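So you can see what is in the structure, the chains are spelled out below.
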Amino acid sequence: MRARPAIHCVVRAIAPALLVASAAGCDVLDPKVGLLQESCGVDAVAPGAASGEYGGAGTTTSSAYGASSGTSTSSTVTVCAPDAGGTCDECESQFCCTTRTACYEDPVCICADQALERCLKATAPGDDSGIDACWDAFEENGTVEAERVACEKTWCQGPCGVP
Amino acid sequence: MTASRALLFALLLVVGLALANGRSAGASEEDRNFAGSAQLDYHLVAGGAGAPAAPAPSTTFEGFTLEAALKVAADLSDHLSANVKVCYGCHGFELDMAYFDLRAFDELNLRVGRFSPSFGAFNLRHDPANHMTSDKPLPYDMGRMLRKGDWNEGVLPSPFPMNGAEINGTHWIGGVAQFDYAAYVATGFKNDVDANPTDLDFQESHLPYYVTSDPRPASGARLALTLKAGSDADMTLGASGMWGTYDPANKLTYAIVGGDFALRIERTAIRMEYLVRRQQMDVSNPDIFRYAIAPVDGDFFAKHGAYVEVEQPVTDAFDVLGRVDGLFRVGNVSNVSVGSGGDTIVASPLHERAALLRETLALAYAFERNFRLKGSVELWEFNYADSTGRDTELSFHLGAVGSF
């Protein structure tokens, strides 16, 4: 077995190299993640399931969340209704139905929307910086959120209280 | 001249040279070689619930699949040879090889054209006539795995033909050792479809999408050392790496590294291989991810894959193979299916540390030297449940493969 010493030599040379490489590579191959974005307990509206009077949608609850947990499988969910429940909802339903629907069809955006409502409720009236922070956090959460805010700023800034 | 026209020209040139060589009065039979193989396989998933409408996202290919290939190899001179291989698989006809080898001596060979760059050990055996199982190990899986849509295939689906150039060679150290090396630049992988690319789109590597909008080539290398202990035993250790960008802006990188080990003692073969792909993701739209983007080290994922297999001939015609392989993916998860363009967001079932382990027992019986029956049973264990709550599946393969 002439090759045995050579095999031992190779194994001895490679084993420490692998250990060093794996130790050095830990950070390189160990990505980090933030919190689960789907943990708000509200399911997104199934794509294509939304309909309404304004811009092509049908019925919804009067609250902003047309789909509570489990309703994403329902055949039709109304996101943009003539009487959506409040001045902001009505304005957005009329002028920003597309971006509103996109948010409710997005599992991340619908949770971010809930977080925005919680944030605004927790902020004292007149605390402009706090209100700004709530909207900024929502807007920076993603492009769907940003497009929704952009439309609200254009058409419904007053009714929705967008800074 | 576009890349596709150049490729067609090279193909015609090779075929023409092969035919001319065959017609020349002085040509011998050794100057050219015509080979082929075909495998018909039936895949049955016992549970069925996880694969209700294959092929589709999160499912697998059930039923019959066919893989066939025809190859022409021609030695045009003492220093020049050419290879052309056309294969047919689940996505139609594909040009697997069309390249020239210009060999100065054993230690220096220039390969140009379309070929699978040197990476890992399995790719050399990727033809179904060259391995005992019906499917490939999970790190190299190309569409046969369960829940392939969840995982977007394996680490490096094999084969992976690319357009490029490679320098390779072999140096013999006495009669006991062989050193192989290869270094290459090639088109690499890409994702030109998705608005926010988060993974390689392997569909774009198929015909007719040879022209790439990603102008930066991928590069890589392989080193391997084979030690021989007489004619009955040998051992090979190899290391491979590939790096490139995959988006049109050349900003998102991927890096694949791997190590392989093979030991043959008489007729027993033991093989093991490990691959990992570090994949940078476009995180400019946090909406599409299952998890919030971590401020540090949050813009990539790592997909690990490995297999260990033991192949043991029982008789001259009957072989048994045992294999354990798996995948482990760590990192954020996009809710947009790769290649969908990004219009539809559907929650991915994967979590930040998703794992899959498979155990395979395969039998192969050769009715004749070039015709073999293959059968295998596979136990799949996932660390996450599918929509029906299943995390374990059992599947069976029965196929036949022939070669000439």
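Owing to the predicted nature of the structure, the values given are computational and were not obtained by experimental measurement. (Residues numbered from 1 in each chain as written. Chains lettered and ligands numbered in written order. Predicted model: local features only at pLDDT ≥ 70, side-chain atom pairs only at ≥ 80, totals over all residues.)

**Some points on the overall build of chain A**
Looking only at helices and strands, one finds seven helices and three strands in chain A. Counting from the amino terminus, helix and strand elements in chain A follow one another as α-β-β-β-α-α-α-α-α-α. For chain A, with 163 residues in total, the buried portion stands at 36%. Within chain A, residue pairs in contact and separated by at least 24 positions form 62% of the contacts whose partners lie at least 6 positions apart. (Helix = DSSP H or I, 4+ residues; strand = E, 2+ residues; numbered from the N terminus. Buried ≥ 20, exposed ≤ 12 C-beta atoms within 10 Å, placed from the backbone. Contact = placed C-beta atoms within 7 Å.)

**Comments concerning helix α4 (residues 107–122) of chain A**
All names here are of chain A. If you check α4, its first and last C-alpha atoms are 23 Å apart, about what 16 residues at 1.5 Å a residue would give, namely 22 Å. Along α4, the residues classified as buried are P107, V108, C109, I110, C111, A112 and D113. Buried positions along α4 lie against α3 (97–104), α5 (128–139) and α6 (143–155). (Expected span 1.5 Å × (residues − 1).)

**A look at the pairing of strand β11 (residues 268–280) of chain B**
Residues and elements named next belong to chain B. Bridging between strand β10 (residues 253–265) and β11 involves 12 bridges; their strand directions are antiparallel. Across the sheet, I265 pairs through a bridge with T268, a residue of β11. The turn joining β10 and β11, which pair antiparallel and follow one another in sequence, is formed by two residues; a positive phi near 50 degrees is taken by E266. As judged from the 12 bridges shared by β11 and strand β13 (residues 300–313), these two strands associate in the antiparallel manner. Residue pairing across strands places Y274 opposite A306, the latter belonging to β13. (Pairing = 2+ DSSP bridges.)

**A few points about helix α2 (residues 87–95) of chain A**
The α-helix advances 3.6 residues per turn, and as a result positions three or four apart in sequence lie on the same side. Among the residues of α2(A), A:D89, A:E92 and A:S93 are the ones counted as buried. One side of α2(A) holds all its buried residues, which, seen down the axis, span an arc of 100 degrees. (Arc of directions from axis to C-beta.)

**A few points about the interface of chain A and chain B**
At the interface, 28 residues of chain A touch 33 residues of chain B. If you list the elements that add at least two residues to the side of chain A that touches chain B, you get α1 (4–24), β1 (33–36), α4 and α6 of chain A.

The analysis is restricted to geometry; functional conclusions fall outside its scope.
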